[in-house]
Amino acid sequence: MRNFFLSTVLTIACLLGTAAQAQKPVTTGDAIATDEVRNSDKSNPVGTFEAGKGTFLLNGKPFVVKAAELHYPRIPKPYWDQRIKLCKALGMNTICLYVFWNSHEPQPGVYNFSEQNDLAAFCRLCQQNGMYVILRPGPYVCAEWEMGGLPWWLLKKKDIRLREPNPYFIERVALFEAEVAKQVKSLTIANGGPIIMVQVENEYGSYGANKGYVSQIRDIVRTHFGNDITLFQCDWSSNFTLNGLDDLIWTMNFGTGANIDQQFAKLKELRPDSPLMCSEFWSGWFDKWGANHETRPADDMIKGIDDMLSRGISFSLYMTHGGTNWGHWAGANSPGFAPDVTSYDYDAPISESGQTTPKYWKLRETLSRYMDGEKQAKVPALIKPISIPAFRFTEMAPLFDNLPAARKDENIRTMEEYDQGFGSILYRTSLPELKNGATLTVNDAHDFAQVFIDGRYIGKLDRRNGEKQLALPACPKGARMDILVEAMGRINFGRAIKDFKGITRNVEISVDIDGYPFTCDLKNWEVYNLEDTYEFYQNMKFRPIQSLTDRFGQRIPGAYRTKFQVKKPSDTFLNFESWGKGLVYVNGYAIGRIWEIGPQQTLYVPGCWLKKGENEIVVFDIVGPKEARSEGLREPLLDQLQVQKPLTHRREGERLELSSERPAFSGSFKPGNGWQEVRFDKPATGRYVCIEALNSQDGKPLACIAEMYLLDKNGDRLSREPWTVSYADSEDVSHANRSADKTFDLQESTYWSTVEGSSYPHAIVIDLGAIHTLTGFQCLPRMESEVPGSIKDFRIYVKTQQFNF
Ligand code: GLA
């Protein structure tokens, strides 16, 4: 009986067709850049840079690296020189930079080292400005950049193991590093160039423990850069020993406010004679869509730099100037899925658009005391931003009237399988008759899906919130269902970097028939690849805008275009507060992503990409604008969050009830920085874990945790990938992001903090996603030497059922 209904009700959905899966040919044309090695200025003397006893040695003399981190692809090329000069004027002596593999090799074997990507030209410019260079060629870089710098096309090999000794991965890395060396090997200090050190991999300790793999990367770099270049690794003080190779220099990464002695304690113990360097001293932090704009106090940064320099410790200030994640290049953070915004302002001393900030002047003043007799360079002229009067968009090209040719596919596939790297993808199929509606399950939509039935908007699935299901209304047999999936940046941190886009597994509908649930996979799709390129949008058929809503009264996804006038081109910030979600192009330049939820509402448009007179703007908005207008502002809007769901994890009136619960463990932490571990007296089994903090080390009401782990039955760290916060009594999200999920975000410098003034006991409840047997708990307090909010006595409760609150 059940089968009868299943086959009659869902026949269309279950019919199997032969799917011709046409693949776009891969263009492996000639390399864009020439292969010739560009020599450095022969008049520059050759030099040496190496580790001496407790210090670096430059040409044999003690040298403290004062590096400013800048990423050339994040800065318009015409502004490179001015930004380097701004760093020089701070009192820095080095530029530290990443090489983003994916922007240099858009397709396998197609290399681009020209224009914005001209790494060699950037290094030469550094040298002309009297700056040394630290090169960080990855292959993985993190950096809040799409897939941590790895090219998306690696994912066309579905079973590839990234950042591991996987033959294909290593083969591609070797080919790429050879190209990097072709560009800049002649610019190493041994060849009279500015490059003093090259980094091997990047913070591998937060990915795994695999000295074999890290050694392979070291050997590749050595092979192409030669034996006379100094190589180093960077990691966290808590995990650098996992992958530290004997023949490489070890440097530490940590943020403003951190206890510097504690950060170098382990290194000093293991290598008492090593030069000390903080290779990433985080001046600020990056912003994510739907979360508060991040800032870090200038005084903490100054204190840290002063402290390090007074002891001859080298540093790189990450970021000294962050710049912009143009186009679709912003990455996403994990665990969970937290896509980064377009601006990489980073609350750095030099703003996104190259303006000096109060942090800049304080830092310049501090560095003036460490110039070793040299005069600080003059601050270069700043670019004066302009405003542009409000303008309206005149033309639109509705997406559903402008679909490219479809391909047919029996089963759903990812974007990568269709040879598509970026943009959106539309999956279309016909539904069986749904008399009483159905539940639609999409496993999983990466990253933002909108579902339409016969053109009518049904709802959205936002990966950030773990949304997978929607209720479908009753509809007749053959109704057309469209699932429009927009890919945001691929995850750039942690194990989740293997981040396929589009729909990654399958789509199901479930109906209830006579009280019985039936679920069926939907098959036979028409797939439309909407590649994010300017040409794709320009080739759409535009018509004058008559209305911004369709026949259902809903906003219209599509491309919107207009011309606007600029009297005297200069930097500006275009305002997109009245738009939905999408990508913006100005005069053909990919400017970045917009999303109404904020916190970023304006996009930085550099004056060097504007023209006197008429300029063209195209916005591809997958939701549709409320008003198709914009204007140029003199200041950015980076902190306008439109909160759609609460940032905290306790609803009004909720109060955790623990009086009838028995703790699995009661204990006390020691005061001070660093990881602490407790083992339970006996294993505890459950899915929901409550950490109840009873009091603090300093007697104050604040409670903070930077990171924590639970240990499984073998005493190993449990994966935190599926964890969610069920409850937290107090979370400070008034201006920063100090919610309880920061206890498992894999970032030791971010933390959960209760609101100032709310008193102990404090508690958080974590849903582990499944039942586990637990044997211990590891906890990291904040990094500052005063350890604010450090917890003393605590209890841990473990339950299979959810707690009462
Ligand atoms: C780490 C990475 C960087 C960057 C920072 C955070 O240190 O090495 O690439 O992601 O975190 O901004």
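Since this is a predicted model, take the numbers as computed values, not measurements. (Residues numbered from 1 in each chain as written. Predicted model: local features only at pLDDT ≥ 70, side-chain atom pairs only at ≥ 80, totals over all residues. Heavy atoms only, no water.)

**What about the pairing of strand β9 (residues 249–255)?**
Consideration 1: Along β9, 7 of the 7 residues are buried, which leaves the element largely enclosed by surrounding structure.
Consideration 2: Neither face of β9 is exposed, since I249, T251, N253 and G255 on one face and W250, M252 and F254 on the opposite face are all buried.
Consideration 3: The pairing of β9 with strand β10 (residues 277–282) spans 4 bridges and is classified as parallel. Of the residues in β10, the one forming a bridge with M252 is C278.
Consideration 4: In this fold, β9 hands off to helix α8 (residues 260–270), which returns the chain to β10; that crossover is right-handed. (Buried < 20%, exposed > 50% of the residue type's maximum accessible area, 1.4 Å probe, protein only. Helix = DSSP H or I, 4+ residues; strand = E, 2+ residues; numbered from the N terminus. Pairing = 2+ DSSP bridges. Right-handed = clockwise from strand over helix to strand, strands pointing away.)

**A word on unusual backbone geometry**
Consideration 1: Across the junction of Y318 and M319, the peptide omega takes the value -10 degrees, indicating a cis bond.
Consideration 2: Of note, M319 is situated in the loop between β11 (314–318) and β12 (332–333).
Consideration 3: Here the bond from G598 into P599 is cis, since omega is 15 degrees, no more than 30 degrees from zero.
Consideration 4: Here P599 lies in the loop between β30 (589–595) and β31 (602–605).
Consideration 5: Positive phi outside glycine occurs at M147, with the angle close to 55 degrees.
Consideration 6: Its place among the elements puts M147 in the loop between β6 (132–136) and α6 (167–184).
Consideration 7: Located in the positive-phi region is D454, a residue other than glycine, with phi close to 45 degrees.
Consideration 8: For D454, the location among the structural elements is in the loop between β19 (448–453) and β20 (456–462).
Consideration 9: Note on D454: relative accessible area 38%, which makes it partly exposed.

**Some points on the domain arrangement of the protein chain**
Consideration 1: What the domain assignment reports for the protein chain is domain 1 (2–370), domain 2 (388–397 + 540–633), domain 3 (403–531) and domain 4 (665–799).
Consideration 2: Computed from C-alpha coordinates alone, the two centres of domain 1 and domain 3 are separated by 35 Å.
Consideration 3: Taken together, the contact between domain 1 and domain 3 spans 54 residues of the former and 46 residues of the latter.
Consideration 4: Between domain 1 and domain 3, a total of about 4,500 Å² is buried, with carbon and sulfur atoms accounting for 61% of that surface.
Consideration 5: Along the contact surface separating domain 1 from domain 3 lie 4 salt bridges.
Consideration 6: In this structure, the salt-bridge partner of R495 is E164, at a minimum N-O distance of 3.2 Å.
Consideration 7: The tally of links between domain 1 and domain 3 comes to 11 residue pairs in polar contact (both at pLDDT 80 or more).
Consideration 8: When residues of the side of domain 1 that touches domain 3 are traced back to their parent elements, those giving at least two are α1 (2–9), α2 (11–14) and β12.
Consideration 9: Here the element with the most residues in the side of domain 1 that touches domain 3 is α1; it accounts for 4 residues.
Consideration 10: Looking at the side of domain 1 that touches domain 3, its residues break down into 31 nonpolar, 12 polar and 11 charged. (Domains from an automatic or database assignment. Contact = heavy atoms within 4.5 Å. Buried area = accessible area lost by both parts, 1.4 Å probe. Salt bridge = Lys/Arg side-chain N within 4 Å of Asp/Glu carboxyl O. Polar contact = N/O pair within 3.5 Å; in protein donor to acceptor, adjacent residues only side chain to side chain. Nonpolar A, V, L, I, M, F, W, Y, C, P; charged D, E, K, R; others polar.)

**What to know about the site of the ligand**
Consideration 1: Residues in contact with the ligand amount to 15 residues; listed here are only the nearest, Y98, E144, E203, E280 and Y346.
Consideration 2: Contact distances for the ligand include 2.7 Å between an oxygen atom and a side-chain N or O atom of E144.
Consideration 3: Measuring from an oxygen atom of the ligand, one finds a side-chain N or O atom of Y346 at 2.6 Å.
Consideration 4: With the chains in place, 99% of the 310 Å² that the ligand exposes on its own is no longer accessible.
Consideration 5: Class assignment for the residues of the shell around the ligand results in 10 nonpolar, 2 polar and 3 charged. (Near = heavy atom within 4 Å. Areas by Shrake-Rupley, 256 points an atom, 1.4 Å probe, with all protein chains shown as cover.)

**Some remarks on the packing of aromatic side chains**
Consideration 1: Per the stated rule, a full pass over the model turns up 55 aromatic pairs.
Consideration 2: Measuring from centroid to centroid gives 6.2 Å for F777 and F794, while their planes differ by 50 degrees, and the two rings are tilted. In this pair, F777 sits in strand β40 (residues 762–780) while F794 sits in strand β41 (residues 793–799), placing the two residues 17 residues apart along the sequence.
Consideration 3: Classification of F777 by relative accessible area gives buried; the value is 1%.
Consideration 4: Counting every residue linked through ring pairs, the aromatic cluster contains Y98, F100, W145, W282, W285, F286, Y318, W329, Y344, Y346 and F422.
Consideration 5: In this arrangement the basic side chain of R490 is found over the ring face of F422, its NZ or CZ atom lying 5.6 Å from the centre.
Consideration 6: When the ring centre of F803 is taken as origin, the NZ or CZ atom of K799, which lies over that ring, is 5.1 Å away. (Phe/Tyr/Trp six-rings, centres within 6.5 Å; stacked < 30°, edge-to-face > 60°. Lys NZ or Arg CZ within 6 Å of the ring centre and 35° of its normal.)

**Focus: the packing of helix α3 (residues 80–90) against helix α10 (residues 358–367)**
Consideration 1: Where α3 contacts α10, the axes come no closer than 8 Å and their chain directions differ by 50 degrees. The angle between α3 and α10 falls in the class oblique. Contacts between α3 and α10 pair L86, A89 and L90 from the former with Y360, L363, R364 and L367 from the latter.
Consideration 2: Looking at the contact of α3 with α10 residue by residue, the classes come out as 6 nonpolar, no polar and 1 charged. (Axes fitted to C-alpha atoms, helices over the stretch in contact; angles between N-to-C directions. Parallel < 35°, antiparallel > 145°, perpendicular 65-115°, else oblique.)

**Remarks on the sheet that holds strand β3 (residues 61–63)**
Consideration 1: Spatial ordering of the open sheet is given by β1-β2-β3, a layout of 3 strands whose pairing is antiparallel. This sheet does not close on itself; its edge strands, each paired only once, are β1 (49–51) and β3. Adjacent strand axes in the sheet meet at a mean angle of 40 degrees, parallel and antiparallel pairs treated alike.

**Looking at the nonpolar core**
Consideration 1: By size, the foremost hydrophobic cluster in this structure holds 163 residues, and its most contacted members are I95, L119, L135, L162, F169, V184 and I617.
Consideration 2: A per-element tally of this core places α6 first, with 8 residues.
Consideration 3: Those residues in contact with F169, other than ones at most four positions away along the chain, are W101, P139, L150, L154, I160, R161, L162, R163, E164 and Y213.
Consideration 4: Among the nonpolar cores identified, the runner-up in size contains 32 residues, and I412, L470, M481 and F518 belong to it. (Core = buried A, V, L, I, M, F, W, Y, C linked by side-chain atoms within 4.5 Å.)

**As for the side chain of S279**
Consideration 1: If you trace the backbone, S279 turns up in strand β10.
Consideration 2: Looking at S279, the relative accessible area reads 3%, which means it is buried.
Consideration 3: Here N253 takes part through its side chain, which lies 2.7 Å from a polar atom of the side chain of S279.
Consideration 4: Sequence-distant contacts of S279, defined by excluding residues within four places in its chain, comprise R136, F232, C234, T251, M252, N253 and S316.

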